[in-house]
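A closer look at the structure
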Amino acid sequence: MRIGVDVGGTNTDAVLMDGMRVVSWYKTPTTPDVSSGIISALEHLLQESQVPNDRILGVMIGTTHFTNAVVERKRLIPVAAVRLGLPATESLPPMVDWPADLRDTLGNHTYLVHGGHEFDGREIAPLGEKELIDVAADIRSKGLRSVAISSVFSPVNAGMEERAAQILGEEVPDLFVTLSHEIGRIGLLERENAAIMNACLGDLAVRIVNSFRDALRRLQIDAPFYISQNDGTLMNADFAEKYPVLTFASGPTNSMRGAAFLSGVKEAMVVDVGGTTSDVGMLIHGFPRESSVAVAIGGVRTNFRMPDVLSFGLGGGSLVRQNGSVRVGPDSVGYELTTRGLVFGGDTLTTTDVAVAAGYLELGEPARVAGMDRDLVNRTLDEIQRSVDVAVDRMKTSAARLPVILVGGGSILIGRPIQGASEVIKPDHFPVANAIGAAIAQIGGEVDRVFSLERLTRDQALDQAKQEALSKAVEAGADAATVQVVDVDEVPLTYLPSNAMRVRVKAVGDLVLSERPLAV
Amino acid sequence: MRLIYPENLEDIALGAAVLGTGGGGDPYIGKLMGIDAINKYGPVQFVSPEEISDDSFVATSAMMGAPTVMVEKLPKGREIVDAFLALQTYLDRKIDYTTSAEAGGLNSTTPFTVAARLGIPLVDADGMGRAFPEIQMVTPTMYGIAATPMAIADEKGNASIINTMDNHWTERLARTICIEMGTTAMIALFPMTGRQLKESMVPGTLTRAERIGQTIRQARQQHENPIEAVRAVVGGFELFRGKVADVQRRTETGFARGEATFQGTDEWEGRQLTLRFQNEHLLAMRDGQVVASVPDLITILDAETAEPVTTEGLRYGFRVVVLGIPCDPKWRTPEGLALVGPRYFKYDIDYIPVEERVAQTSRAVAV
């Protein structure tokens, strides 16, 4: 059996699955320390189902913590963004196209240093080692603890990024270092953006992954745990701790796959209403529609392979304000809903209070909102409905009517028909679709290797890399019948005498339902 | 005359990337550089060819090299101005205007940097009405206008003046220098009079690009089909719909060269299209049959959003639509075809206009 967990900004959801069957599920507010929320959800699951701990073979955790931190500009640490590329690249320095508030949150510490490579492996300039000593001194004097290093054409030659990391590491002890070539591909700005975002999440990554570890240890669950990545596959915990940026967009991927699984519908729009935000995306053949163009996260452009999703500030904890017109969100009481919401005896008017007043559900003490002004209730519901209609319309790629699958705890806010929907489906277990998506996550196999083209043709090298990636995915626990290549990236290394190329291939398949641990 | 502000550049770069047929550089980088220049030095005066006097003096500004390099080795920023000033100094006379050599995501905005920094107006024209890989491949060549004297500069501080006997030699010598500079360089070339510009260049290309960009943006906003909107505004034909199955791409002899293969989806299920490129898309073959070739435009759009996809941005798995777009009539003359027809690129086929090829093949749908 497996446990899927979704740690959101508002709620922590957990689901226990036996193969493809949902055995039990539980939803509890996310706690400030994260781990006690997970503990209470998992304790409840195990107690209710009477399943002994040792039958749990794996715990899959999806979390929006890192995305939220960037979107909310909170819990981020200042970053030294060091680019090796002078005299080139000066016209567009690091973070040039970032929203100013996010750049300010990170402290605007950018450094341009001589170095980088031409596409053919020549140096643009020798690495500015003395400049790096000065950069290190500045980093020390500013007390920065995290650095992102990017170098021109580092996917072709990573040597300068590694040397710079060594110099800075020697000068500044205990520095959290992110190297751009380890998380990105060709495209300097997008790769560097990913590296800087990863760097600003350094502290949070250690804290969150430790709280996951801690929770499982205290529950005496020995099974390995995994964290969902942006493309819906799993990574192991140590990897996630180093590369938190790879979790971006895993939330919407999980909820969309969960929605497809629960409803059995393969062509549809999915609306996932959480506690703080809602995500809208489109399912094509049962998979989230991926974005071909660069995706902005918190206003920052990246080139990860991830679903095209629209997020907006509507959730069960969204604040409702009346000031002439009615405004809903984008801020939310988050996990404090059960203390601050009116129906829970608090003093803050939230969307959940309005839904209770409208009779959509019973929660807390409905009497506390029984006398709510009907006009306010109606106008709030109008506003909620309008925001959902607009979002669904924006994400649809044709005017044809499509089914809309509603999932997430906050979807109780939506009680009216949705514009442009052929039908509205609220499947069983809809409040925990996201955790279910995590539990049925796909398994990936990756190859990143340099092939010499002396004895192999290009096609042979590509075939070899694809076969390796496919078998790696199957070895890691993917069902051989479903596994397929989803990404191929080829970088010619013309500077090597044998006419070499670097090939990166990713293969992905559905989780096999045998009772054996994964090898991710 | 009108003034161009940062918000106009977004539409221009987007639309020019449609005309760029896979080449001409990344529209995002083009937009950022143009916006940066306008923010620092003020809006750019934008004039139509009729507005400039016959005896005024003009030169084109462009980036040269492989787009695969441009997305990594971003410019220092002043090399484009260095090249322009080097040409002006060599000619020993003020150049009154600059204009575009080609329409492409980056090269449509490159001249804006020069215009903003030097405070000179930009003429709404270009030498192609699209993008092509080589220097001599511009309409002024057909009118006997020399590409040289030409200036070329890099980010390291190197610059050179080139004088050649014809425009083919300009390409050969400049390409060699460009490769040594790292396969990107900034150039100023085709110095000519206002009268020569009016006679030889393709007028209104940037306004056309802006209109295409606006069309895409508005279609997305109003939730219309953006692919159909682009097809209608450029008068093109949908040649294929499919998924990228393979991209073979090498930076060689100063260009991004290669081939991409697409597996059909929707009504093209089970069929295949291959695309050859040298910076720009040159030839599209569907199930082994040519469906479009240079000098007509072959443009790849994201199947959902109609975002133009450049050759360096093509990635395994992308879902795209392939459009064929008729080129400027100047290219369909014998002189034009000698310069940029399929045989120049060593494809042993006759040029047949894309609209005729589409009419011949029953399966092609002009949606």
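These figures come from a predicted structure and were not determined experimentally. (Residues numbered from 1 in each chain as written. Chains lettered and ligands numbered in written order. Predicted model: local features only at pLDDT ≥ 70, side-chain atom pairs only at ≥ 80, totals over all residues. Heavy atoms only, no water.)

Across its full length, chain A holds 15 helices and 23 strands. The C-alpha radius of gyration of chain A comes to 24 Å, within 12% of the 24 Å expected for a compact globule of 520 residues. Considered along the principal axes of its C-alpha atoms, chain A spans approximately 75 × 50 × 50 Å. The long-range share in chain A, meaning contacts at least 24 apart out of those at least 6 apart in sequence, stands at 67%. When the accessible surface of chain A is totalled, it reaches about 19300 Å², and 49% of it is carbon and sulfur. In chain A, 48 side chains carry a positive charge and 65 a negative one; their mean positions are 2 Å apart. (Helix = DSSP H or I, 4+ residues; strand = E, 2+ residues; numbered from the N terminus. Rg over C-alpha atoms; globule rule 2.2 N^0.38 Å. Contact = heavy atoms within 4.5 Å. Areas by Shrake-Rupley, 256 points an atom, 1.4 Å probe, with all protein chains shown as cover. Lys, Arg positive; Asp, Glu negative; His and termini not counted. Charge placed at Lys NZ, Arg CZ, Asp CG, Glu CD.)

Attention now goes to a nonpolar patch on the surface. Residues and elements named next belong to chain B. On the surface, M1, L3 and Y5 cluster together to form a nonpolar patch covering roughly 290 Å² of accessible area. Along the polypeptide, Y5 turns up in the loop between β1 (2–4) and α1 (6–19). On the basis of relative accessibility, which here comes to 37%, the residue Y5 falls in the partly exposed class. (Patch = residues over 30% accessible without salt bridge, like charges linked within 9 Å, V, L, I, M, F, W, Y side chains within 5 Å. Salt bridge = Lys/Arg side-chain N within 4 Å of Asp/Glu carboxyl O. Buried < 20%, exposed > 50% of the residue type's maximum accessible area, 1.4 Å probe, protein only.)

What follows concerns α1 of chain B. For an α-helix the count is 3.6 residues per turn, leaving residues at separations of three or four pointing the same way. Residue and element names in this part refer to chain B. With 14 residues, α1 ought to run about 20 Å at 1.5 Å a step, and its terminal C-alpha atoms sit 20 Å apart, in line with that. Of all 14 residues in α1, 12 are buried; the element is thus mostly enclosed. Where α1 is concerned, the buried positions are P6, N8, L9, D11, I12, A13, L14, G15, A16, A17, V18 and L19. Phi turns positive one or two residues past the end of α1, at T21, with a value near 45°. (Expected span 1.5 Å × (residues − 1).)

Residue and element names in this part refer to chain A. With antiparallel pairing, three strands are arranged side by side in an open sheet as β21-β23-β22. Pairing within the sheet leaves two strands with one partner each, and these edge strands are β21 (443–452) and β22 (484–493). Going from strand to strand, the sheet's axes swing by 10° on average, the running direction of each strand aside. The sheet contact formed by β22 and strand β23 (residues 500–509) spans nine bridges and is antiparallel. Looking across to β23, one finds that P492 is bridged to M501. (Pairing = 2+ DSSP bridges. Axes fitted to C-alpha atoms, helices over the stretch in contact; angles between N-to-C directions.)

For the rest of this paragraph, the subject is the domain arrangement of chain A. A common way to state how big an interface is: give the accessible area lost once the parts meet. All names here are of chain A. Domain annotation of chain A identifies domain 1 (77–200) and domain 2 (442–509). Both faces considered, domain 1 and domain 2 share a buried interface measuring about 750 Å² in area, 43% of it formed by carbon and sulfur atoms. When the area that domain 1 buries against domain 2 is broken down by residue, the three leading residues are P155, V156 and R185, summing to 57%. Between R185 and D489 there is a salt bridge, and its shortest N-O distance comes to 3.6 Å. (Domains from an automatic or database assignment. Buried area = accessible area lost by both parts, 1.4 Å probe.)

Right, let's get into the environment of M128 of chain B. Its location among the elements puts M128 of chain B in the loop between β6 (125–126) and α6 (139–142). Note: C-alpha distance between M128 of chain B and L323 of chain B (195 residues apart in sequence) is 18 Å.

Now for the interface of chain A and chain B. If you look at the interface, chain A gives 51 residues, while chain B gives 36 residues. At the boundary of chain A with chain B, total buried surface from both sides reaches about 3600 Å², with 53% on carbon and sulfur atoms. Remark: the boundary between chain A and chain B carries six salt bridges. Between K73 of chain B and E118 of chain A there is a salt bridge; the shortest N-O distance is 2.9 Å. On inspection of chain A and its partner chain B, the count reaches 21 residue pairs in polar contact (both at pLDDT 80 or more). (Polar contact = N/O pair within 3.5 Å; in protein donor to acceptor, adjacent residues only side chain to side chain.)

For side chains bearing opposite charge, pairing can occur when the charged atoms are close. Within the structure shown, the criterion is met by 56 salt bridges over all chains. Between R321 of chain A and D331 of chain A there is a salt bridge whose closest N-O contact spans 2.5 Å. Here R321 of chain A is found in strand β17 (residues 318–323), whereas its partner D331 of chain A is found in strand β18 (residues 325–332), with 10 residues between them in sequence. With relative accessibility at 30%, the residue R321 of chain A sits in the partly exposed group. Its relative accessible area of 32% is what places D331 of chain A among the partly exposed residues. Beyond isolated ion pairs, a larger network of salt bridges with shared partners links E118 of chain A together with K73, E155 and K156 of chain B.

The next thing to look at is the pairing of strand β7 (residues 150–153) of chain B. Residue and element names in this part refer to chain B. Every second residue of β7 is oriented toward a common face, with M150 and I152 on one face and A151 and A153 on the other, all of them buried. Pairing analysis gives four bridges linking β7 to strand β8 (residues 159–162), with the strands arranged antiparallel. Looking at β8, one finds that M150 is bridged to I162. Counted along the chain from β7 to the antiparallel partner β8, the turn is five residues long, and its residue G157 has a positive phi close to 110°. Pairing geometry for β7 and strand β9 (residues 184–193), over three bridges, is antiparallel. By the bridge assignment, A151 is partnered in β9 with A188.

Once that is clear, we can look at the side chain of E490 of chain A. Within the secondary structure, E490 of chain A is located in strand β22. At a separation of 3.0 Å, a polar atom in the side chain of E490 of chain A contacts the side chain of R458 of chain A. Apart from residues no more than four positions distant in its own chain, E490 of chain A is found in contact with R458, L462, M501 and R502 of chain A together with V247 and Q248 of chain B.

Glancing now at the packing of aromatic side chains. One pass over the structure, following the stated rule, counts six aromatic pairs over all chains. Between F212 of chain A and F225 of chain A the ring centres are 6.3 Å apart and the planes differ by 85°, which places this aromatic pair in the edge-to-face class. Residue F212 of chain A is found in helix α8 (residues 202–218), and its partner F225 of chain A is found in strand β9 (residues 225–228); the two are separated by 13 residues along the sequence. Among the residues examined, F225 of chain A registers a relative accessible area of 11% and is labelled buried. Cation over ring: K426 of chain A sits above F430 of chain A, and NZ or CZ is 5.4 Å from the ring centre. Between the NZ or CZ atom of R130 of chain B and the centre of the ring of F132 of chain B, over which it lies, the distance is 3.9 Å. (Phe/Tyr/Trp six-rings, centres within 6.5 Å; stacked < 30°, edge-to-face > 60°. Lys NZ or Arg CZ within 6 Å of the ring centre and 35° of its normal.)

Residue and element names in this part refer to chain A. In spatial order, the strands read β3-β2-β1-β4-β9-β10; together these six strands make up an open sheet with mixed pairing. Lying at the two open borders of the sheet, with one neighbouring strand each, are β3 (21–29) and β10 (234–236). Put simply, the sheet's adjacent strands are angled 25° from each other on average, direction ignored. The pairing of strand β1 (residues 2–7) with strand β4 (residues 58–63) spans six bridges and is classified as parallel. Its bridge partner being in β4, G4 is matched across the sheet by M60.

What follows covers the environment of E362 of chain A. Residue position: E362 of chain A is located in the loop between α12 (351–357) and α13 (374–395). Distance from E362 of chain A to E48 of chain A, taken between C-alpha atoms, is 23 Å for residues 314 residues apart in sequence.

Glancing now at the pairing of β23 of chain A. Residues and elements named next belong to chain A. Of all the 10 residues making up β23, 10 are buried; the element is thus mostly covered by neighbouring parts of the structure. Burial of β23 is two-sided: the residues A500, R502, R504, K506 and V508 facing one way and the residues M501, V503, V505, A507 and G509 facing the other way are all buried. Strand direction decides the pairing type here: β21 and β23, joined by 10 bridges, are antiparallel. From the neighbouring strand, S452 faces β23, where its bridge partner is A500.

Attention shifts here to the packing of helix α4 (residues 79–91) of chain B against helix α5 (residues 110–118) of chain B. Between two packed helices, what matters for the description is the angle formed by their axes and the separation of those axes. Residues and elements named next belong to chain B. Closest axis-to-axis distance for the α4/α5 pair is 9 Å, and the angle between their directions is 70°. With respect to α5, the element α4 is oriented roughly perpendicular. You can see that α4 and α5 cross each other, and the crossing is right-handed. Residues I80, V81, F84 and L85 of α4 pack against T110, T113, V114, R117 and L118 of α5. Taken together, the residues that form the contact of α4 with α5 break down as six nonpolar, two polar and one charged. (Parallel < 35°, antiparallel > 145°, perpendicular 65-115°, else oblique. Left-handed = near helix turned anticlockwise from the far one by under 90°. Nonpolar A, V, L, I, M, F, W, Y, C, P; charged D, E, K, R; others polar.)

Right, let's get into helix α1 (residues 35–49) of chain A. Residues and elements named next belong to chain A. Under the 1.5 Å per step criterion, the end-to-end length of α1 is 21 Å for 15 residues, consistent within 8% with the ideal 21 Å. Turning to α1, its buried residues are S35, G37, I38, I39, A41, L42, L45, L46 and S49. Contacts from the buried residues of α1 go to β1, β2 (11–18), β3 and α8. Immediately downstream of α1, the backbone of Q50 shows phi near 60°, a positive value.

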